[in-house]
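Structural overview for review
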Amino acid sequence: MEVLLYTLLGFMVIGCIIAVEIKDLLSAVVSVGIVGICLSVIFLFLGAPDIAIVQVVVETLCLIILLRATVQRDDTTIYKYIESFAVATILIFFGVFMVLAYRAFEDLPPFGHPLMTVSQEYLKEGLTMTRAVNFVTSVLLDFRAYDTLGEATVLFVSILGALAVLRRRGRR
Amino acid sequence: MKGMSLIVRTIARVVTTFIFLYSAYIVVYGHITPGGGFPGGVILALGVMLLMLAFGREVPLRKLPEGRASVLDCLGALGFWAIALLGLTAGYFFLNFLGKGEPFRLVSAGTMPLCNISISVKVGVSLFAVLAALSIYRRFYPPGGEPPEDMSGG
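Attention now goes to the interface of chain A and chain B. Contact residues are listed per partner, giving 38 residues for chain A and 53 residues for chain B. Of the roughly 4,300 Å² buried between chain A and chain B, counting both surfaces, carbon and sulfur atoms make up 73%. Seen at the junction of chain A and chain B, the total is zero salt bridges. Our count for the chain A to chain B interface comes out at six residue pairs in polar contact (both at pLDDT 80 or more). Elements that contribute at least two residues to the side of chain A that touches chain B include exactly helix H3 (49-71), helix H5 (119-130), helix H6 (135-143) and helix H7 (145-170) of chain A. It is H7 of chain A that provides the largest number of residues to the side of chain A that touches chain B, a total of 14 residues. Tallied by class, the residues present in the side of chain A that touches chain B amount to 22 nonpolar, eight polar and eight charged.

As structure tokens, this is what we get:
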């Protein structure tokens, strides 16, 4: 199981590196798709089909928008300027992040043994309290409906903002 | 954009039916099988996007103009709020006030299917509105290649 996850993670890292390093923008967009599809397969193997569906669907939408945006441009190649100061800054911050993350992740519970204090109650009482077979939906729309309302509000406001910005430029 | 070739149009006409059917299934059965309002709404928007790519952007916009799409978007959001506020009349905010029913039945789990439907309308129509806005208001770079003068002013 863990070997499979590490293989998929390796594919994702390779896809990211190709997307950053390749010169053709269209190929970069296609290799970004590798990350999304590998993440979706990982969610499937971890037993989270809800999130896998969302991941596949949203990834498809984003890829189509990115493809439209890149195909419509004439010049789809990018030119690299490597600045040594930027590379040094990135490397230093990456090192600091790795040290801090190692110290922070030491205290986490091991893989496959999550802390189930509150969620155990949801699993025990969920079916009798909400009568919804899909526990994810019962948590999203009953126990934690405030969070879903917040997400819907965020989406609503962001789309209102996007429409307002696009419209303002379009009208002469 | 005038759309794509005859082969793409024919296949899109057949496949879009199944895409809409799958989206409706994911939304309505969201409390029984994996899925829910958000992925169902995005799949709905993707089906409309296929129509937009295959037939040109005018065909879906003729069925659902921009202003009406915005109204539907607000109606979906207001529906979710209304379900939450109706729970307030029965007790507290977001109370699942409808009858729970039997598990594994289509009509069960109280307000959850209604919430799923309103979220799917909201997500699908708003994503459609964004796609339409992206393709309608694409006047940043006209075909001549030069950007318009009033890029900064708007």
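Residues and elements named next belong to chain A. Scanning the model with the defined rule gives two aromatic pairs over all chains in all. Ring centres of Tyr 122 and Phe 143 lie 4.5 Å apart, and the angle between their planes is 25°; on these two criteria the pair is classed as stacked. Here the residue Tyr 122 occupies a position in helix H5, and Phe 143 occupies one in helix H6, the gap between them amounting to 21 residues. Relative accessible area serves as the criterion here: at 24%, Phe 143 is assigned to the partly exposed category.

Given a rise of 1.5 Å per residue, 25 residues ought to cover 36 Å, and the 37 Å separating the end C-alpha atoms of helix H4 (residues 66-90) of chain B matches this to within 8%. When we look at burial in H4 of chain B, the residues that qualify are Glu 66, Ala 69, Asp 73, Gly 76, Ala 77, Phe 80, Ile 83, Ala 84 and Gly 87 of chain B.

The rules behind these values
For every chain, the first residue of the written sequence is number 1, and numbering continues from 1 onward in sequence order. To read the labels, note that chains go from A and ligands from 1, taken in the order they are written. The model is predicted, so local features are restricted to residues of pLDDT at least 70 and side-chain atom pairs to those at 80 or more, both for listing and for counting; the totals for chains, interfaces and linings are taken over all residues. To obtain the side-chain values, all non-hydrogen atoms of the structure were included, while hydrogens and water were left out. The contact criterion used throughout is that any non-hydrogen atoms of two residues lie within 4.5 Å. Two parts placed together each lose some accessible area under a 1.4 Å probe, and adding up what both lose gives the buried area. For this document, the term salt bridge refers to a Lys or Arg side-chain nitrogen within 4 Å of an Asp or Glu carboxyl oxygen. Contacts described as polar in this section are N or O atom pairs within 3.5 Å, which, within protein, must combine one atom able to donate a hydrogen with one able to accept it, while residues neighboring in sequence count only if both atoms come from side chains. Only DSSP runs of H or I covering at least 4 residues are called helices, and only runs of E covering at least 2 are called strands; the numbering of each starts at the N terminus. Here the nonpolar group is Ala, Val, Leu, Ile, Met, Phe, Trp, Tyr, Cys and Pro; Asp, Glu, Lys and Arg are the charged ones; every other residue, Gly included, is treated as polar. Pairing of aromatic rings covers Phe, Tyr and Trp, the last through its six-membered ring, and needs centres within 6.5 Å; plane angles under 30 degrees mean stacked, over 60 mean edge-to-face, and all others mean tilted. Burial status follows relative accessibility: with a 1.4 Å probe on protein chains alone, a residue under 20% of its type maximum counts as buried, one over 50% as exposed, and anything between as partly exposed. Working rule for helices: expected span equals 1.5 Å times residues minus one.

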